[in-house]
Amino acid sequence: MRFFIDTANLEEIQKANDMGVISGVTTNPSLIAKEGRDYAETLKAIAAIVDGPISGEVKATTQDAAGMIAEGRAIYALDPAHMVVKIPMTIEGLKAIKALAAEGIPTNCTLIFSANQALLAARAGAAYVSPFLGRLDDISQPGIELVSTIAAMFANYTDLHTEIIAASVRNPIHVTDCALAGADIATVPYKVIEQMTRHPLTDAGIEKFRADYLKVFGE
């Protein structure tokens, strides 16, 4: 399973990229608005840091296929080597995915909450589908079961090449579960990446090694 980072914060993206653990970035209008930066300039700045797929989403206010297609083309044009157009799971969204895919523009169908939605997006031509774990967990539905179901379903059909991006990942347990469930990618906040590096026994071991060294060699 590969890792994307789910943020528009350039500092967090740079730090995660420096670790060598991420291969892409997902953003949305809310994340970019939180940074208070220009939308297009932010996407270009992210693409300059990470050499991998960068998901830029169409406006939340755009609900018609024609508008999504026009915005998708503009997003893709920012950096055709990296940009992926994020499209919501709606009937109009599926139309936009079909049209953009026909032009060779990769899309990420977001706000997936059922296996049927994922299958529809894949058949429309989406390069990625993004099932949301945490938001399902919030309403007492096990989100990881959705990832597992989509992975099993896609495996039945050799003509489907859509990748699964597990989204709304809230903690390291989610990450492990996603890997076991067959997600191709997990997109995670920077704080979760940090949490994944930590273990109390690792901290204790480092401190013991340091203390033992200082006893013998000093500072």
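What counts and how
- Residues numbered from 1 in each chain as written.
- Predicted model: local features only at pLDDT ≥ 70, side-chain atom pairs only at ≥ 80, totals over all residues.
- Heavy atoms only, no water.
- Axes fitted to C-alpha atoms, helices over the stretch in contact; angles between N-to-C directions.
- Helix = DSSP H or I, 4+ residues; strand = E, 2+ residues; numbered from the N terminus.
- Parallel < 35°, antiparallel > 145°, perpendicular 65-115°, else oblique.
- Left-handed = near helix turned anticlockwise from the far one by under 90°.
- Contact = heavy atoms within 4.5 Å.
- Nonpolar A, V, L, I, M, F, W, Y, C, P; charged D, E, K, R; others polar.
- Polar contact = N/O pair within 3.5 Å; in protein donor to acceptor, adjacent residues only side chain to side chain.
- Buried < 20%, exposed > 50% of the residue type's maximum accessible area, 1.4 Å probe, protein only.
- Expected span 1.5 Å × (residues − 1).
- Arc of directions from axis to C-beta.

> What is the right way to look at the packing of helix α4 (residues 65-78) against helix α5 (residues 91-102) in this model?
When two helices pack together, their arrangement is given by the angle between the helix axes and the distance between those axes. Between α4 and α5, the least distance of the axes is 8 Å, while the angle of their chain directions is 45 degrees. If you check the angle between α4 and α5, you find them oblique. You can see that α4 and α5 cross each other, and the crossing is right-handed. Residues Ala65, Met68, Ile69, Gly72 and Arg73 of α4 pack against Glu92, Gly93, Lys95, Ala96, Ala99 and Leu100 of α5. Tallied by class, the residues present in the contact of α4 with α5 amount to six nonpolar, two polar and three charged.

> Explain the side chain of threonine 187 to me, please; I cannot follow it from the model alone.
Summarising the element assignment, threonine 187 is placed in strand β8 (residues 185-188). Polar contacts involving the side chain of threonine 187 include one to the side chain of threonine 26, which spans 2.5 Å. Excluding anything up to four places from it in sequence, threonine 187 contacts Phe4, Ile5, Asp6, Thr26, Ile165, Ala166, Ala167 and Val169.

> In this structure, what is going on with unusual backbone geometry? I would like to understand it.
Phi is mostly negative for residues that are not glycine, and the peptide bonds are mostly trans. A positive phi angle, near 60 degrees, is found at leucine 111, a position not held by glycine. Positive phi, normally seen in glycine, also occurs at serine 140, with a value near 65 degrees. Take serine 140: it is sitting in the loop between α7 (133-138) and α8 (143-155). Note on serine 140: relative accessible area 69%, which makes it exposed.

> How do you make sense of α5 when you look at a structure like this?
Since the α-helix packs 3.6 residues into each turn, any two residues three or four apart lie on the same face. Relative to the 16 Å expected for twelve residues at 1.5 Å per residue, α5 spans 17 Å between its end C-alpha atoms, a close match to the ideal helical length. What α5 keeps buried is the set Gly93, Leu94, Ala96, Ile97 and Leu100. Buried residues of α5, viewed axially, fall in a sector of 160 degrees; they line one side. Facing away from the buried side of α5 by over 90 degrees, the exposed positions are Ile91, Lys98 and Ala102. On the buried face of α5, the contacting elements are α4, β4 (83-88), β5 (107-112) and α6 (115-124). Positive phi shows up at glycine 104, right after α5, with a value of about 85 degrees.

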